[in-house]
Amino acid sequence: MVAIITGDIINSDQYAASEWMDVLKPYLGQQGETPNDWEIYRGDEFQIRTTPERALSMAIQIKALIKSIKNLDVRMGIGLGSETFVGSSVSQSNGKAYQRSGRIFETLKEQKLNLAIVTGDDDKDNTFNLMLKLALHFMDDWSTVSAQMVSLALTKPNASQQEVADQLKIRQSAVSQRLKRARMDLVLDLLAYYDENLKHIKA
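Residues numbered from 1 in each chain as written. Predicted model: local features only at pLDDT ≥ 70, side-chain atom pairs only at ≥ 80, totals over all residues. Heavy atoms only, no water.

A. Main features of the overall build of the protein chain. Summing up its helical and strand segments, the protein chain has 8 helices and 5 strands in all. Taking 17 Å as the expected radius of gyration for a compact globule of 203 residues, we find that the protein chain reaches 17 Å, a close match to that expectation. For the C-alpha atoms alone, the extent of the protein chain along its principal axes is close to 50 × 40 × 30 Å. Across the protein chain, contacts joining residues at least 24 apart in sequence account for 68% of those joining residues at least 6 apart. Summed over its atoms, the accessible surface of the protein chain is roughly 10,400 Å², and 48% of this surface lies on carbon and sulfur atoms. Of the charged side chains in the protein chain, 24 are positive and 26 negative, and the gap between their average positions amounts to 4 Å. (Helix = DSSP H or I, 4+ residues; strand = E, 2+ residues; numbered from the N terminus. Rg over C-alpha atoms; globule rule 2.2 N^0.38 Å. Contact = heavy atoms within 4.5 Å. Areas by Shrake-Rupley, 256 points an atom, 1.4 Å probe, with all protein chains shown as cover. Lys, Arg positive; Asp, Glu negative; His and termini not counted. Charge placed at Lys NZ, Arg CZ, Asp CG, Glu CD.)

B. Fine view of the packing of aromatic side chains. Per the counting criterion, the structure on display carries 2 aromatic pairs. With centroids separated by 6.1 Å and ring planes inclined at 85 degrees, the aromatic side chains of Phe-128 and Tyr-193 adopt a geometry described as edge-to-face. Remark: Tyr-193 occurs in helix H8 (residues 184-198) and Phe-128 occurs in helix H4 (residues 122-139); sequence separation between them is 65 residues. Between Phe-128 and Tyr-194, the ring centres sit 5.4 Å apart and the planes meet at 50 degrees, which makes this aromatic pair tilted. Taken together, the residues span a long stretch of sequence, with Phe-128 in helix H4 and Tyr-194 in helix H8 at a distance of 66 residues. By the burial criterion, Phe-128 is buried, and Tyr-194 matches it. Site record: aromatic cluster; members linked through ring pairs are Phe-128, Tyr-193 and Tyr-194. (Phe/Tyr/Trp six-rings, centres within 6.5 Å; stacked < 30°, edge-to-face > 60°. Buried < 20%, exposed > 50% of the residue type's maximum accessible area, 1.4 Å probe, protein only.)

C. Just the pattern of salt bridges, in detail. One pass over the structure, following the stated rule, counts 8 salt bridges. Across the pair Lys-63 and Asp-73 runs a salt bridge, and its minimum N-O distance is 2.9 Å. Residue Lys-63 is found in helix H2 (residues 52-67), and its partner Asp-73 is found in strand E4 (residues 73-81); the two are separated by 10 residues along the sequence. You'll find Lys-63 and Asp-73 in the same group, each marked buried. Among the salt bridges present, the one from Arg-183 reaches Asp-185, with a minimum N-O distance of 3.8 Å. (Salt bridge = Lys/Arg side-chain N within 4 Å of Asp/Glu carboxyl O.)

D. Structural view of unusual backbone geometry. A cis amide bond links Thr-34 to the next residue, Pro-35, at an omega of 5 degrees. You can see Pro-35 is positioned in the loop between helix H1 (17-31) and strand E2 (38-41). Within the chain, Arg-42 stands out as a residue other than glycine whose phi angle is a positive 45 degrees. Here Arg-42 shows up in the loop between E2 and strand E3 (45-50). Note on Arg-42: relative accessible area 65%, which makes it exposed. Positive phi, close to 60 degrees, is recorded for Arg-183, a residue that is not glycine. Turning to its location among the elements, Arg-183 is positioned in the loop between helix H7 (172-181) and H8.

E. Quick peek at the nonpolar core. Counting 59 residues, the largest nonpolar core has Ile-60, Ile-62 and Trp-142 as its most contacted members. With 9 residues, the single largest contributor to this core is H2. When sequence neighbours within four positions are dropped, the list of residues in contact with Trp-142 reads Ile-60, Lys-63, Ala-64, Lys-67, Ala-147, Val-150, Ala-182 and Val-187. Judged by nonpolar contacts, the second largest core, of 5 residues, contains Val-2, Ile-4, Val-90 and Ala-97. (Core = buried A, V, L, I, M, F, W, Y, C linked by side-chain atoms within 4.5 Å.)

F. Structural view of the packing of helix H6 (residues 161-168) against H7. Running from N to C, H6 and H7 cross one another at 105 degrees; their axes reach a closest spacing of 8 Å. Viewed along their axes, H6 and H7 adopt a mutual orientation that is roughly perpendicular. Contacts from Gln-161, Gln-162, Val-164, Ala-165 and Leu-168 of H6 reach H7 at Gln-172, Val-175, Ser-176, Arg-178 and Leu-179. A class-by-class count of the residues in the contact of H6 with H7 yields 5 nonpolar, 4 polar and 1 charged. (Axes fitted to C-alpha atoms, helices over the stretch in contact; angles between N-to-C directions. Parallel < 35°, antiparallel > 145°, perpendicular 65-115°, else oblique. Nonpolar A, V, L, I, M, F, W, Y, C, P; charged D, E, K, R; others polar.)

The following block contains the structure:
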């Protein structure tokens with residue numbers, strides 16, 4: 001079983017591509033090789049191949065990275081499932097994961113949603129997507145400061161608030177406030193729930 005994330009940058013036409021590309025590309029470069037594991041194409045669209053275990057945290061990390069640039073956001077569809085054909089690039093490969101990711105991504109604009117997942121298990125999908133819809137109420141509203149804090153917290157999950165404060169040259173109390181404002185506790189609860197329920201999903 002693999003996971004495919006298909007996405008595009010919202011409001012990308014208001015910025016030079018280098019502004020968001022300089023944030024997204026280094027992150028994707030740490031996750032694998034292009035074009036086998038990830039690809040940016042058609043200007044502002046991208047596709048990433050990863051493991052089901054990492055898919056949701058990766059999508060939230062990408063959202064946090066992009067939202068750390070004022071007025072930008074990202075729309076992503078996650079598909080879990082089989083991979084039946086490996087092409088010369090991720091966008092030319094195929095299988096249920098690719099089809100599910102592409103199909104759900106195509107419906108997001110119409111649904112006015114920025115993140116959804118299809119696993120092939122309807123009951124799980126309904127619950128996951130209801131939780132994502134609720135989480136998007138605050139994630140879509142992250143300020144650039146909140147988004148930066150979430151990105152940092154996901155990158156260094158074991159760092160203490162004091163270590164984060166030292167890195168940002170702010171007080172530990174400011175780190176605590178920013179994490180609260182970003183609802184980082186709920187983000188971690190969501191990821192924990194996803195991890196727990198992923199065990200019961202078959203390819």
